[in-house]
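Take a look at the letters that make up each chain.
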Amino acid sequence: MNKPDSFPVYYDDLALSFEEAWGIIAAGVNNRNSPSHMPAVGTVDAFGVPQLRIMILRDVSRDARTLRFHTDSRSIKAEQIRQNPATSVLIYDPAAKIQIRMSGKTHFTATGNLADTAWSTSTPFARRCYMAETAPGTPCVKPSSGLPEWIEGKQPEEEQLVDYRANFAVVSIKIETIEWLYLANAGHRRALWQWNASQNAWAGSWLIP
């Protein structure tokens, strides 16, 4: 089939589709309006049941094949990652009609330079959620943010945050597969790229949508 002039340049081009995929992924770091700013991240619980939640994308490294997120070290997903590092990420761009699914292994770290830097470079307001007095997911008798009453609705000062650093952790997902789906009335396009460790390169192929 000949590509209509109105179709994007990556429609029948595997390499350009790969470039577009990484462009969409990386855009979520600094663009709050990007669909990739808040992807769905999936882990597996102790019973083998997939668990999904929306997380904010903090950093992307194409060279290292990593996506970075932040989480509370006391959270349920933190424990799930410790037990099973298999993780998936889903992005959907409704304007572009593009779905990107990624899978890989997650490294969880609450100490060291990476976590320290991520903590110190986050805004005080972003770090306020780690001031919760009990772990995320803890049952409560009435609606609550979990925050101490004295900080409700306020932005904490640096000295007020010091004691809560231990509740903060970094989740780094090492991407091993990227699956692409472009939706078009004339015919969808689907592709898969898998990391080939022996060749230190991505291997891609078209799939039937």
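Above this text is the structure in question.
Residues numbered from 1 in each chain as written. Predicted model: local features only at pLDDT ≥ 70, side-chain atom pairs only at ≥ 80, totals over all residues. Heavy atoms only, no water.

Glancing now at the overall build of the protein chain. Broken down by element type, the protein chain carries 5 helices and 9 strands. In sequence order, the secondary structure elements of the protein chain are arranged as α-β-β-β-β-α-β-β-α-α-α-β-β-β. The C-alpha extent of the protein chain, read off along each of the three principal axes, is 65 × 35 × 35 Å. A total of 209 residues make up the protein chain; the buried ones form 41% of that total. Within the protein chain, residue pairs in contact and separated by at least 24 positions form 60% of the contacts whose partners lie at least 6 positions apart. On the protein chain, roughly 11,800 Å² of surface is accessible, and the fraction owed to carbon and sulfur atoms is 52%. Averaged over its 21 positive side-chain charges, the protein chain has a centre that lies 3 Å from the centre of its 21 negative ones. (Helix = DSSP H or I, 4+ residues; strand = E, 2+ residues; numbered from the N terminus. Buried < 20%, exposed > 50% of the residue type's maximum accessible area, 1.4 Å probe, protein only. Contact = heavy atoms within 4.5 Å. Areas by Shrake-Rupley, 256 points an atom, 1.4 Å probe, with all protein chains shown as cover. Lys, Arg positive; Asp, Glu negative; His and termini not counted. Charge placed at Lys NZ, Arg CZ, Asp CG, Glu CD.)

Here the focus is the packing of aromatic side chains. A full pass over the atoms with the stated rule returns 11 aromatic pairs. For the pair Tyr 11 and Tyr 182, a centre-to-centre distance of 6.0 Å together with 80 degrees between the ring planes defines the contact as edge-to-face. Separated by 171 residues along the polypeptide, Tyr 11 in the segment before helix 1 (14–27) and Tyr 182 in strand 7 (residues 168–182) bring together distant segments of the chain. One exposure class covers both Tyr 11 and Tyr 182, and it is buried. Ring-pair connections join several aromatic residues into one group, and the members of that group are Phe 7, Tyr 10, Tyr 11, Trp 180 and Tyr 182. The ring of Trp 119 has Arg 127 sitting right over it, with the charged end atom 5.2 Å from the ring centre. (Phe/Tyr/Trp six-rings, centres within 6.5 Å; stacked < 30°, edge-to-face > 60°. Lys NZ or Arg CZ within 6 Å of the ring centre and 35° of its normal.)

The next point concerns the pattern of salt bridges. Within the structure shown, the criterion is met by 9 salt bridges. For Glu 19, the salt bridge goes to Arg 62, with nearest N and O atoms at 2.7 Å. One end of the pair, Glu 19, is in helix 1; the other, Arg 62, is in the loop between strand 3 (59–61) and strand 4 (66–72), with 43 residues separating them in the sequence. Residue Glu 158 is joined to Arg 127 by a salt bridge in which the shortest nitrogen-to-oxygen separation is 2.6 Å. Within this pair, whereas Glu 158 is found in helix 5 (residues 158–161), its partner Arg 127 is found in helix 4 (residues 124–127), the two being separated by 31 residues in sequence. For Glu 158, a relative accessible area of 41% translates into the label partly exposed. Through salt bridges with shared partners, one network takes in Arg 101, Glu 179 and Arg 190. (Salt bridge = Lys/Arg side-chain N within 4 Å of Asp/Glu carboxyl O.)

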